[in-house]
Amino acid sequence: MSPRHELERLLRWYPAKWRGRYGDEFLALLEDRLAGAPPTLRFRTRIAAAGVRERAFEASVLGNRASLATQRRTGLLSVLVAWSIMVISGASLTKMAEHSSSAMPVATRSVAQWAYDATAAAGVAGTLMVVVGAMIALPAFARYLRAGGWHRVRRACLQAVAATAVSVLATLGLAAWAHHLNALQRNGADRWYSAAFLVCAVLVVVAIALWTKAAVVTVAKIDLSTRVLGWESWLALGVTTSTVAVVVGTATWWVQMGLYASWFLHGTRAGVPASPWSDRLAVTALLMMIALAMALWGLWRVALTNRRERFGAFVLGGQSEA
Amino acid sequence: MLRRPNDPSLLLLTSLASGPKHGYALLKDVEDFAGVTLSPGTLYGAITRLEESGLIEPLADVDRRRPYRLTAEGARALKEVTSEMRRLANVGIARLRLAPGGAQ
């Protein structure tokens, strides 16, 4: 691959509109900077990061380019996407934590149980708030459909419905199969069942991701009133609080399991000493942390736009953005 | 924008105060007067934001290299920020002189 072609490939990290405006001169700068040397990994990474940042500006996740309403909407959608990630990681935690309370010594069971129950309660509360948020936006969605907007959201919505249908059918099939297996077979002894379970889990994740995408595509197009956006802002605060509670609850549960029943985290025999580290739990926790960061970012964005709307962009303009 | 002395946007405005420059010339100039090496991504991020804010404007490109120059608004913004920085620096210097064992 020629150096020029390699640099052009790097430009793909940037949004098309930006490439159209700055692409040529940016390429010239990269060529001048490299002076014929091949781009290092660090160089590429920094270009990629700058491109992603530019995309974030274009999507109004960063910066003040978009209107206040759009910025607030983007903040709300960040919280929604964060919650979708939280649902996926929460489902993974639920599967891992099955029968965990019976694994703990009776004397130390209560803290782990309390942490797990609090995590589950926060999960339910957050999901309910997301459902309420969707219901509040329904009238605006109906107005949008009546105005002929269906063709603009049809693809995203139908993809989500199709993915849901496939995942429900697969889950029903898996449940029917599970009835013919014993507990040992259901928990890893039957490799075919385990593989099918994994496929089902992936299908559910895809369905959640596609519903989230449909929500993002739709909310970006429908006209939400200031009042509705205000309610959604409060719900975003609630969902973010639930996200914090899930992360704290999961961390507490992990610490308790690591201290008193670390063998459970590895599925080994009771009482066998084992490391409190679990790769699967670590991936789940990482997803939760990503979700938490996104939710906090979204909430901060919502709060900032609310303040600007109340006190005026001029007053706060200098304080908020670098 | 323009909050810190090493803010890329402020460095670019300062560089353009001495006349129009294209991307590579800006990088070199900022390196020379501030000792800061901006990455191409950071440079063009700042150029994008400054152009959107109307603080700089593009000129006709020469062999794909497009120079930029300060607008009147950009010059005004740079003057305001540097005046404020000078005021703060003067306060700091004056207080250091008054402090026990401070610089004389």
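Quick caveat, the model's predicted, so the values are computed rather than measured. (Residues numbered from 1 in each chain as written. Chains lettered and ligands numbered in written order. Predicted model: local features only at pLDDT ≥ 70, side-chain atom pairs only at ≥ 80, totals over all residues.)

A separate point is the interface of chain B and chain A. Taken together, the contact pairs 17 residues of chain B with 18 residues of chain A. Broken down by element, the residue count for the side of chain B that touches chain A peaks at seven residues, all from helix α3 (residues 40-52) of chain B. Looking at the side of chain B that touches chain A, its residues break down into four nonpolar, six polar and seven charged. (Contact = placed C-beta atoms within 7 Å. Helix = DSSP H or I, 4+ residues; strand = E, 2+ residues; numbered from the N terminus. Nonpolar A, V, L, I, M, F, W, Y, C, P; charged D, E, K, R; others polar.)

All names here are of chain A. Contact geometry for helix α7 (residues 150-178) and helix α9 (residues 191-219): axes closest at 8 Å, N-to-C directions at 155°. The orientation of α7 with respect to α9, classified from their angle, is roughly antiparallel. Relative to α9, α7 is oriented so that their crossing is left-handed. (Axes fitted to C-alpha atoms, helices over the stretch in contact; angles between N-to-C directions. Parallel < 35°, antiparallel > 145°, perpendicular 65-115°, else oblique. Left-handed = near helix turned anticlockwise from the far one by under 90°.)

Domain annotation of chain A identifies domain 1 (1-40) and domain 2 (77-305). Between the C-alpha centres of domain 1 of chain A and domain 2 of chain A the distance comes to 39 Å. (Domains from an automatic or database assignment.)

In this section: the confidence of the model for chain B. Residue and element names in this part refer to chain B. Looking at chain B as a whole, the pLDDT averages 91, with 94% of positions reaching at least 70. The secondary-structure element of chain B with the lowest mean pLDDT is helix α4 (residues 72-98), recorded at 93, while strand β2 (residues 68-70) shows the highest, at 97. The ipTM value of the predicted complex is 0.86, and its pTM value is 0.73. (pLDDT = per-residue confidence, 0-100.)

The geometry of a pair of packed helices is captured by two quantities: the angle between their axes and the separation between those axes. All names here are of chain A. The contact between helix α6 (residues 109-146) and helix α10 (residues 226-260) brings their axes to 8 Å, and the two run at 160°. One element, α6, and the other, α10, form an angle in the roughly antiparallel class. When the axes of α6 and α10 are compared, the crossing they make is left-handed.

Let us now look at unusual backbone geometry. With a phi close to 50°, A35(A) is a non-glycine residue in the positive phi region. For A35(A), the location among the structural elements is in the loop between α2 (16-34) and α3 (41-58).

A few words now on α7(A). All names here are of chain A. Between its terminal C-alpha atoms α7 stretches 40 Å, which fits the 42 Å expected from 29 residues at 1.5 Å a residue. Approximately 30° is the largest bend angle found in α7, and it occurs at A156. All of the buried residues in α7 are V153, A160, A163 and S167. The inward-facing, buried residues of α7 abut α9. (Expected span 1.5 Å × (residues − 1). Bend = angle between axes of the 7 residues up to and from the residue. Buried ≥ 20, exposed ≤ 12 C-beta atoms within 10 Å, placed from the backbone.)

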